[in-house]
Amino acid sequence: MANETLDPCCDARRRGLALVRTVAPYVRYVGINRADLNNVHFADLVDALQDADDMGVLLRGHLWIEALLEYAARSKLERLDAIDWTNARFEHKLALAEATGAANVPLARAVRSFNRLRNKSAHEMLFSIELDQVKTLVGLTNETTRNAIQRIADEQLEVVRQLEQYEADGVEVEIDPEVLPYLRVLTPTRALLFAFVVCAVRSLAISGALGIAIEAGAKDPKSITKKIDEEMDRLTGGLFRFPSGR
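Residues numbered from 1 in each chain as written. Predicted model: local features only at pLDDT ≥ 70, side-chain atom pairs only at ≥ 80, totals over all residues. Heavy atoms only, no water.

Undergrad: Explain the pattern of salt bridges to me, please; I cannot follow it from the model alone.
TA: Side chains that carry opposite charge are capable of pairing whenever their charged atoms lie near each other. By the definition in use, this model includes 8 salt bridges. With its nearest N and O atoms 3.0 Å apart, the salt bridge here joins Lys93 to Glu70. Of this pair, Lys93 sits in helix α4 (residues 90-99) while Glu70 is found in helix α3 (residues 54-74), placing the two residues 23 residues apart along the sequence. On the basis of relative accessibility, which here comes to 2%, the residue Lys93 falls in the buried class. For Glu70, a relative accessible area of 5% translates into the label buried. Taken together, the salt bridges that share partners define one network made up of Glu66, Glu70, Arg74 and Lys93. (Salt bridge = Lys/Arg side-chain N within 4 Å of Asp/Glu carboxyl O. Helix = DSSP H or I, 4+ residues; strand = E, 2+ residues; numbered from the N terminus. Buried < 20%, exposed > 50% of the residue type's maximum accessible area, 1.4 Å probe, protein only.)

Undergrad: What's the story with the nonpolar core in this structure? I'm lost.
TA: Nonpolar side chains tend toward joint burial in soluble globular proteins. Ile65, Leu68, Leu69, Val111, Phe114, Phe196 and Val197 are the most contacted members of the largest nonpolar core, which totals 61 residues. Going through the elements one at a time, α3, α4, α5 (105-123), α6 (131-138), α7 (143-168), α8 (180-185), α9 (188-215) and α10 (221-236) are the ones with two or more residues in this core. Counting residues per element, this core draws most heavily on α9, which supplies 16 residues. (Core = buried A, V, L, I, M, F, W, Y, C linked by side-chain atoms within 4.5 Å.)

Undergrad: In this structure, what is going on with the packing of aromatic side chains? I would like to understand it.
TA: To describe a pair of aromatic rings, you give the distance between the ring centres and the angle between the ring planes. Enumeration according to the criterion identifies 1 aromatic pair in this entry. Ring centres of Phe114 and Phe196 lie 5.5 Å apart, and the angle between their planes is 40°; this geometry places the pair in the tilted category. Of this pair, Phe114 sits in helix α5 while Phe196 sits in helix α9, and the two are 82 residues apart along the sequence. There is no split in this pair, since Phe114 and Phe196 are both buried. (Phe/Tyr/Trp six-rings, centres within 6.5 Å; stacked < 30°, edge-to-face > 60°.)

Undergrad: What am I meant to see in the side chain of Ser113 here?
TA: Inspection of the secondary structure puts Ser113 in helix α5. The class for Ser113 is buried, based on a relative accessible area of 14%. If sequence neighbours within four positions are ignored, Ser113 has contacts with Leu137 and Leu140. (Contact = heavy atoms within 4.5 Å.)

Undergrad: It is not clear to me how the packing of α9 against α10 should be interpreted in this structure. Could you clarify?
TA: For the pair α9 and α10, interaxial distance at closest approach is 9 Å and the crossing angle is 135°. With respect to their mutual orientation, α9 and α10 come out oblique. For the pair α9 and α10, the crossing hand works out as right-handed. On the side of α9, the interface is formed by Val201, Arg202, Ala205, Ile206, Ala209, Leu210, Ile212 and Ala213, while α10 contributes Ile224, Lys227, Ile228, Glu231, Met232, Leu235 and Thr236. Residues belonging to the contact of α9 with α10 are distributed by class as follows: 11 nonpolar, 1 polar and 3 charged. (Axes fitted to C-alpha atoms, helices over the stretch in contact; angles between N-to-C directions. Parallel < 35°, antiparallel > 145°, perpendicular 65-115°, else oblique. Left-handed = near helix turned anticlockwise from the far one by under 90°. Nonpolar A, V, L, I, M, F, W, Y, C, P; charged D, E, K, R; others polar.)

Set out below in C-alpha coordinates:
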(Lines give C-alpha, C1' and ligand atoms only; values in the text may rest on other atoms or scores of the structure.)
Protein backbone atom coordinates (compact mmCIF):
# COMPACT_ATOMS: atom_id res chain seq x y z
CA MET A 1 0.00 0.00 0.00
CA ALA A 2 1.34 3.43 -0.90
CA ASN A 3 2.17 5.76 1.96
CA GLU A 4 1.61 9.49 1.50
CA THR A 5 4.23 11.77 3.03
CA LEU A 6 3.85 15.03 4.91
CA ASP A 7 4.63 16.94 1.73
CA PRO A 8 2.13 19.83 1.62
CA CYS A 9 1.82 19.29 -2.12
CA CYS A 10 0.38 15.83 -1.58
CA ASP A 11 -3.13 16.48 -2.88
CA ALA A 12 -4.54 13.07 -1.95
CA ARG A 13 -3.53 13.38 1.68
CA ARG A 14 -4.75 16.97 1.92
CA ARG A 15 -8.13 16.04 0.50
CA GLY A 16 -8.42 13.08 2.86
CA LEU A 17 -7.69 15.17 5.92
CA ALA A 18 -10.02 17.91 4.71
CA LEU A 19 -12.84 15.40 4.38
CA VAL A 20 -12.27 14.04 7.86
CA ARG A 21 -12.17 17.55 9.29
CA THR A 22 -15.38 18.41 7.44
CA VAL A 23 -17.33 16.51 10.09
CA ALA A 24 -15.63 18.25 13.03
CA PRO A 25 -18.47 20.77 13.53
CA TYR A 26 -20.93 17.88 13.65
CA VAL A 27 -19.08 15.46 15.92
CA ARG A 28 -18.55 18.01 18.68
CA TYR A 29 -21.83 17.66 20.44
CA VAL A 30 -23.43 18.22 23.86
CA GLY A 31 -24.92 15.65 26.21
CA ILE A 32 -26.14 16.46 29.72
CA ASN A 33 -26.95 14.44 32.83
CA ARG A 34 -30.21 16.25 33.56
CA ALA A 35 -32.32 18.84 31.83
CA ASP A 36 -31.67 21.61 34.37
CA LEU A 37 -30.46 24.76 32.63
CA ASN A 38 -29.16 26.19 35.91
CA ASN A 39 -26.63 23.38 36.24
CA VAL A 40 -25.63 22.82 32.62
CA HIS A 41 -22.24 23.94 31.36
CA PHE A 42 -22.68 23.22 27.68
CA ALA A 43 -19.16 24.20 26.63
CA ASP A 44 -17.68 21.69 29.09
CA LEU A 45 -19.84 18.91 27.69
CA VAL A 46 -19.57 19.63 23.97
CA ASP A 47 -17.54 16.44 23.29
CA ALA A 48 -20.02 14.07 24.96
CA LEU A 49 -21.32 12.48 21.76
CA GLN A 50 -18.11 12.44 19.74
CA ASP A 51 -17.73 8.68 19.91
CA ALA A 52 -21.28 7.73 20.90
CA ASP A 53 -23.06 4.98 18.99
CA ASP A 54 -26.65 5.34 17.82
CA MET A 55 -28.06 4.50 21.28
CA GLY A 56 -25.75 7.06 22.83
CA VAL A 57 -26.96 9.68 20.36
CA LEU A 58 -30.59 8.79 21.13
CA LEU A 59 -30.23 8.99 24.92
CA ARG A 60 -27.93 11.99 25.19
CA GLY A 61 -29.64 13.75 22.31
CA HIS A 62 -32.95 13.31 24.14
CA LEU A 63 -31.55 15.12 27.17
CA TRP A 64 -30.13 17.93 25.06
CA ILE A 65 -33.42 18.43 23.23
CA GLU A 66 -35.30 18.41 26.54
CA ALA A 67 -33.08 21.17 27.90
CA LEU A 68 -33.65 23.26 24.78
CA LEU A 69 -37.42 22.65 24.82
CA GLU A 70 -37.53 24.12 28.30
CA TYR A 71 -35.28 26.99 27.34
CA ALA A 72 -37.29 27.87 24.22
CA ALA A 73 -40.63 27.61 26.04
CA ARG A 74 -39.40 29.76 28.92
CA SER A 75 -38.37 32.49 26.51
CA LYS A 76 -41.99 32.79 25.31
CA LEU A 77 -43.85 32.68 28.63
CA GLU A 78 -44.81 35.68 30.72
CA ARG A 79 -45.23 33.82 34.03
CA LEU A 80 -42.55 31.19 34.46
CA ASP A 81 -43.64 30.47 38.04
CA ALA A 82 -46.97 29.17 36.75
CA ILE A 83 -45.17 26.03 35.60
CA ASP A 84 -43.81 23.37 37.95
CA TRP A 85 -40.58 22.95 36.01
CA THR A 86 -39.13 20.53 38.55
CA ASN A 87 -41.79 17.95 37.80
CA ALA A 88 -42.34 18.83 34.15
CA ARG A 89 -41.68 15.84 31.92
CA PHE A 90 -40.32 15.82 28.38
CA GLU A 91 -43.78 15.66 26.82
CA HIS A 92 -44.97 18.61 28.93
CA LYS A 93 -42.05 20.76 27.82
CA LEU A 94 -42.64 19.74 24.22
CA ALA A 95 -46.31 20.70 24.48
CA LEU A 96 -45.35 24.09 25.93
CA ALA A 97 -42.77 24.69 23.20
CA GLU A 98 -45.33 23.86 20.52
CA ALA A 99 -48.12 25.89 22.16
CA THR A 100 -45.92 28.99 22.46
CA GLY A 101 -44.61 28.69 18.91
CA ALA A 102 -41.07 27.96 20.08
CA ALA A 103 -41.24 24.70 18.12
CA ASN A 104 -43.06 24.60 14.79
CA VAL A 105 -45.72 21.92 14.35
CA PRO A 106 -43.73 19.60 12.02
CA LEU A 107 -40.68 19.71 14.31
CA ALA A 108 -42.87 19.07 17.37
CA ARG A 109 -44.35 15.99 15.69
CA ALA A 110 -40.89 14.69 14.86
CA VAL A 111 -39.58 15.34 18.38
CA ARG A 112 -42.64 13.56 19.79
CA SER A 113 -41.78 10.55 17.64
CA PHE A 114 -38.16 10.82 18.79
CA ASN A 115 -39.38 10.76 22.40
CA ARG A 116 -41.42 7.60 21.77
CA LEU A 117 -38.32 5.98 20.28
CA ARG A 118 -36.30 6.90 23.34
CA ASN A 119 -38.99 5.59 25.72
CA LYS A 120 -39.18 2.34 23.79
CA SER A 121 -35.44 1.91 24.16
CA ALA A 122 -35.77 2.26 27.94
CA HIS A 123 -38.23 -0.64 28.19
CA GLU A 124 -36.81 -3.18 25.76
CA MET A 125 -33.63 -4.94 26.80
CA LEU A 126 -32.60 -5.84 23.25
CA PHE A 127 -33.84 -2.68 21.60
CA SER A 128 -31.95 -1.46 18.54
CA ILE A 129 -32.65 1.57 16.37
CA GLU A 130 -33.57 0.83 12.78
CA LEU A 131 -32.78 3.20 9.94
CA ASP A 132 -36.41 3.15 8.78
CA GLN A 133 -37.54 4.37 12.21
CA VAL A 134 -35.23 7.36 11.98
CA LYS A 135 -36.28 8.06 8.39
CA THR A 136 -39.92 8.07 9.51
CA LEU A 137 -39.41 10.67 12.23
CA VAL A 138 -37.24 12.82 9.95
CA GLY A 139 -40.05 12.64 7.39
CA LEU A 140 -42.33 14.42 9.86
CA THR A 141 -40.27 17.62 9.68
CA ASN A 142 -40.82 20.31 7.07
CA GLU A 143 -38.91 20.32 3.79
CA THR A 144 -36.29 22.86 4.90
CA THR A 145 -35.44 20.88 8.03
CA ARG A 146 -35.43 17.56 6.14
CA ASN A 147 -32.97 18.93 3.61
CA ALA A 148 -30.70 20.24 6.39
CA ILE A 149 -30.83 16.90 8.22
CA GLN A 150 -30.01 14.95 5.07
CA ARG A 151 -27.15 17.31 4.21
CA ILE A 152 -25.52 16.85 7.62
CA ALA A 153 -25.98 13.07 7.45
CA ASP A 154 -24.56 12.90 3.92
CA GLU A 155 -21.53 14.99 4.89
CA GLN A 156 -20.72 12.52 7.66
CA LEU A 157 -21.14 9.46 5.46
CA GLU A 158 -19.17 11.03 2.61
CA VAL A 159 -16.12 10.96 4.86
CA VAL A 160 -16.48 7.21 5.29
CA ARG A 161 -17.09 6.66 1.59
CA GLN A 162 -14.02 8.68 0.67
CA LEU A 163 -11.83 6.86 3.18
CA GLU A 164 -13.04 3.54 1.79
CA GLN A 165 -12.12 4.75 -1.69
CA TYR A 166 -8.64 5.73 -0.55
CA GLU A 167 -8.20 2.28 0.97
CA ALA A 168 -9.33 0.65 -2.26
CA ASP A 169 -6.86 2.81 -4.20
CA GLY A 170 -4.02 1.86 -1.85
CA VAL A 171 -3.61 5.35 -0.42
CA GLU A 172 -2.89 5.77 3.29
CA VAL A 173 -4.48 8.84 4.85
CA GLU A 174 -3.45 10.33 8.16
CA ILE A 175 -6.51 10.78 10.39
CA ASP A 176 -6.73 12.76 13.59
CA PRO A 177 -6.74 10.13 16.41
CA GLU A 178 -9.54 12.01 18.14
CA VAL A 179 -11.82 11.30 15.16
CA LEU A 180 -11.17 7.56 15.04
CA PRO A 181 -13.71 6.55 17.74
CA TYR A 182 -16.34 8.55 15.86
CA LEU A 183 -15.55 6.82 12.57
CA ARG A 184 -15.83 3.40 14.23
CA VAL A 185 -19.43 3.99 15.31
CA LEU A 186 -20.57 5.90 12.23
CA THR A 187 -23.44 4.18 10.41
CA PRO A 188 -26.27 5.52 8.23
CA THR A 189 -28.64 5.19 11.20
CA ARG A 190 -26.35 7.06 13.56
CA ALA A 191 -25.58 9.74 10.98
CA LEU A 192 -29.26 10.47 10.33
CA LEU A 193 -30.22 10.34 14.01
CA PHE A 194 -27.35 12.64 14.91
CA ALA A 195 -28.31 15.07 12.14
CA PHE A 196 -31.90 15.15 13.39
CA VAL A 197 -30.84 16.00 16.94
CA VAL A 198 -28.47 18.69 15.68
CA CYS A 199 -31.19 20.36 13.61
CA ALA A 200 -33.80 20.11 16.38
CA VAL A 201 -31.43 21.68 18.90
CA ARG A 202 -30.42 24.41 16.47
CA SER A 203 -34.04 25.33 15.72
CA LEU A 204 -35.02 25.47 19.39
CA ALA A 205 -31.89 27.39 20.36
CA ILE A 206 -32.48 30.06 17.71
CA SER A 207 -36.15 30.38 18.71
CA GLY A 208 -35.32 30.78 22.37
CA ALA A 209 -32.31 33.01 21.80
CA LEU A 210 -34.40 35.42 19.73
CA GLY A 211 -36.86 35.77 22.59
CA ILE A 212 -34.03 36.34 25.06
CA ALA A 213 -32.45 38.98 22.81
CA ILE A 214 -35.70 40.92 22.55
CA GLU A 215 -36.34 40.62 26.29
CA ALA A 216 -32.83 41.94 26.95
CA GLY A 217 -33.75 45.13 25.09
CA ALA A 218 -31.89 44.53 21.85
CA LYS A 219 -33.58 46.57 19.13
CA ASP A 220 -31.43 47.00 16.03
CA PRO A 221 -30.45 43.97 13.90
CA LYS A 222 -26.77 44.15 14.91
CA SER A 223 -27.44 44.07 18.66
CA ILE A 224 -30.09 41.37 18.26
CA THR A 225 -27.70 39.18 16.26
CA LYS A 226 -24.94 39.72 18.82
CA LYS A 227 -27.20 38.64 21.67
CA ILE A 228 -28.42 35.62 19.72
CA ASP A 229 -24.82 34.62 19.02
CA GLU A 230 -24.00 34.85 22.73
CA GLU A 231 -26.92 32.62 23.61
CA MET A 232 -26.17 30.15 20.82
CA ASP A 233 -22.56 29.90 21.98
CA ARG A 234 -23.73 29.09 25.50
CA LEU A 235 -26.44 26.62 24.52
CA THR A 236 -24.41 24.67 21.99
CA GLY A 237 -20.90 25.02 23.34
CA GLY A 238 -19.92 27.16 20.35
CA LEU A 239 -21.31 24.66 17.84
CA PHE A 240 -23.75 27.07 16.21
CA ARG A 241 -24.07 30.74 15.45
CA PHE A 242 -27.02 32.63 14.00
CA PRO A 243 -26.68 32.40 10.16
CA SER A 244 -26.96 36.15 9.54
CA GLY A 245 -24.21 36.73 12.08
CA ARG A 246 -21.62 35.66 9.54
